[in-house]
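Close look at the chain arrangement
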Amino acid sequence: MIGLIAVTTAGRAAAARLAQAWPAETRTYDGPVRLALHRAWTECDGLVCFLAVGATTRLVAPLLDSKWVDPAVVCVDEPGRYAVALVGGHAAGANALCAKVADVLGAQPIVTTATDATGLPGLDTLDWPAEGAISRVSRAMLDGEPVSFTTDATWPVPPLPVTVGGTGQYRIVVTDRIVPPDDNTVVLRPPSLVAGVGASKGVTADEILGLLDEALTVGGLSRESVTALATVEAKAGEEGIVAAARQGGWPLRSYPADRLAAVPVPNPGEAALAAVGTPSVAEAAALICADLLVVPKRKSAMATVALARIRPRGRLALVGLGPGDRDLVTPRAIAELRRASVVVGLDRYLDQIRDVLRPGTRVIGSGLGDEEQRASTAVAEARMGHAVALVGSGDAGVYAMASPALAMAGTDIDVVGVPGVTAGLAAAALLGAPLGHDHVIISLSDLHTPWEIIERRIRAAAEGDFVVAFYNPRSKERDWQLGAALEILAAHRDPGTPAGVVRDAFRPGQQVLVTTLAELDPATVDMRSVVIVGSASTQTIAGRMVTSRGYRWQRP
Ligand code: SAH
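Note that this is a predicted model, so its numbers are computed, not measured.

1. Notes on the nonpolar core
Ranked by internal contacts, the top residues of the largest apolar core, which has 24 residues, are I208, L212, L216, L229 and L307. Ranked by residues supplied to this core, first place goes to helix α6 (residues 205-219) with seven residues. Once residues lying within four places of it in the same chain are set aside, the contact partners of L212 are A195, L229, W250, V305 and L307.

As structure tokens, this is what we get:
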């Protein structure tokens, strides 16, 4: 519950906005402010005080105990310009609450803790459990002290500050193994283990969890690295198994008996075969989800458990950067760029986003052309296990790098697509609403597609009365294609059909022209432009291209 404490009219109005935004999560505390705050302090896990930082500090000071028990406190100033995470940044979630409050109120979030989440810059995005000297090692990373980094396998981790690597007094160790703790080491637990579980009817969760802990001890492995439980379909509803998964916070995966029966295992058994139709449940289920058996089947009276390890997979993010302006780059694209330890793309796109990359990111740029090289570099880096972002302008899948990259990528890497605002949408938004009804995008570049095919598609679009957006419309070497394309359209469309040219959409020097099919001069168009030609239902209204949606209420 989030307690809202306000004393002024403006404060109460802002508090009401939060209450409206999160009706089920907020409670408003009225009355004398000291009493209100005291009540909220005991009843809520977060407080938003519409008071000055000084006033709030004085009010909460006598109540402070420790960061593990105190609620999060966020202050919002009288005009609602700033939301300040005052206490409980990490443990109580004040930093996160501050960001949410700022979002709703349109305020600027102020967070002053040095690091976030797990406390390790960069690695915080992973949400992996961390143990050991978190604050010391975080401090060392922030201070630029040498921190060594060792890992059992190449996980697609975010970039680390350049000082991480080599040797050092401080250490980050990525492992699912139990390592002796010391004062200068952080152990990060990757999601690398799957526990296969079999059980007889009526087994208890305690028995399963006890056996699982025993298997972990035998293997010298950490429970924090267990990422899922796996079993046979027939046991997916077995109460003890379901409860064990719930208690551990793990998803429970289940597979049909015949699928399990097909997995070669070291310790098949007659009993399982008779009971559920597969000679192995625990080992086979673990091996379906993971790659290598690390603790073979162990038995208790009513349960079996086996542990298998996942071979990490690299991650390839295909990230569209939008047409140009920073605020048209999606927050998700920014998050992926900061998540990647390797970023691949054209130099000029990389220049647009260098400032958001984390220190230590490996940037692999290249000039125009070289598409195959770029795609294969990105895929090869992901295959090595790294977190890679392959960037493109607009959307990375529209006349861009996503398709050549995926043509080379196999099932051995994870692929994450991040859509971007493609040039056609950017241009349309500037022209009005030309894409209000059916439309096509056609590239006029005949470098990779023979002109006859392009021509056939334009003709089909013309006959079908589609609105057409032309990409790659005209360059120094390809100067006749746009004229030819417009002629094909003109054979099927009124000369007065609205047409628009947008050059450098959402970039410095942007130009927007609304004209007609007959008057559009190809000489004014270049490779940095998109041309949109309307259909029979496109009109120019108040200087804007509008393609009617054909709503009944709009018909004469
Ligand atoms: N992946 C890109 C398209 C690459 S093809 C996207 O989704 O937008 C390159 C063509 O896109 C250019 O020749 C031009 O026609 C168009 N284009 C890209 N960005 C543009 C912009 N900001 N303004 C106008 N046209 C643009």
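2. A short note on the pattern of salt bridges
This structure, assessed with the given rule, holds 22 salt bridges. Residue D412 pairs with R383 through a salt bridge whose shortest N-O separation is 3.2 Å. Separated by 29 residues along the polypeptide, D412 in the loop between α14 (402-408) and β20 (413-418) and R383 in helix α13 (residues 371-383) bring together distant segments of the chain. The closest approach of N and O atoms between R503 and D504, which form a salt bridge, is 4.0 Å. Residue classification places D504 among the buried positions, given a relative accessible area of 2%.

3. Notes on the site of the ligand
Looking at the ligand, there are 20 residues lining it, with D395, V398, T422, M527 and S529 nearest. The separation between an oxygen atom of the ligand and a polar main-chain atom of D395 is 2.8 Å. Within the side chain of R507, an N or O atom sits 3.0 Å from a nitrogen atom of the ligand. Contact with the protein chains covers 92% of the free accessible surface of the ligand, which is 540 Å². For the ligand, the cavity whose grid points lie within 2 Å of the majority of its atoms is the largest pocket. Class assignment for the residues of the shell around the ligand results in 11 nonpolar, five polar and four charged.

4. Quick notes on helix α7 (residues 239-248)
Of the positions making up α7, those classed as buried are G240, I241, A243, A244 and A245. Of the surrounding elements, those touching the buried residues of α7 are β11 (193-199), α6, β12 (226-232) and β13 (252-255).

5. A few points about the pairing of strand β28 (residues 544-547)
Residue alternation in β28 divides its side chains into a buried set, M545 and T547, and an unburied set, R544 and V546. Note that strand β21 (residues 432-433) and β28 share two bridges and pair parallel. Looking across to β28, one finds that G432 is bridged to M545. Note that strand β27 (residues 538-541) and β28 share four bridges and pair antiparallel. For T540, the partnering residue across the bridge sits in β28 and is M545. Counting the residues in the hairpin turn of β27 and β28 gives two residues, including A542, whose phi is positive at 55 degrees.

Definitions and limits used
- Residues numbered from 1 in each chain as written.
- Predicted model: local features only at pLDDT ≥ 70, side-chain atom pairs only at ≥ 80, totals over all residues.
- Heavy atoms only, no water.
- Core = buried A, V, L, I, M, F, W, Y, C linked by side-chain atoms within 4.5 Å.
- Buried < 20%, exposed > 50% of the residue type's maximum accessible area, 1.4 Å probe, protein only.
- Helix = DSSP H or I, 4+ residues; strand = E, 2+ residues; numbered from the N terminus.
- Contact = heavy atoms within 4.5 Å.
- Salt bridge = Lys/Arg side-chain N within 4 Å of Asp/Glu carboxyl O.
- Near = heavy atom within 4 Å.
- Polar contact = N/O pair within 3.5 Å; in protein donor to acceptor, adjacent residues only side chain to side chain.
- Areas by Shrake-Rupley, 256 points an atom, 1.4 Å probe, with all protein chains shown as cover.
- 1 Å grid on protein atoms, 1.4 Å probe; cavity = no way out; pocket = protein on both sides within 12 Å on 5 of 7 lines; lining within 4 Å.
- Sits in = over half its atoms within 2 Å of the grid points.
- Nonpolar A, V, L, I, M, F, W, Y, C, P; charged D, E, K, R; others polar.
- Pairing = 2+ DSSP bridges.

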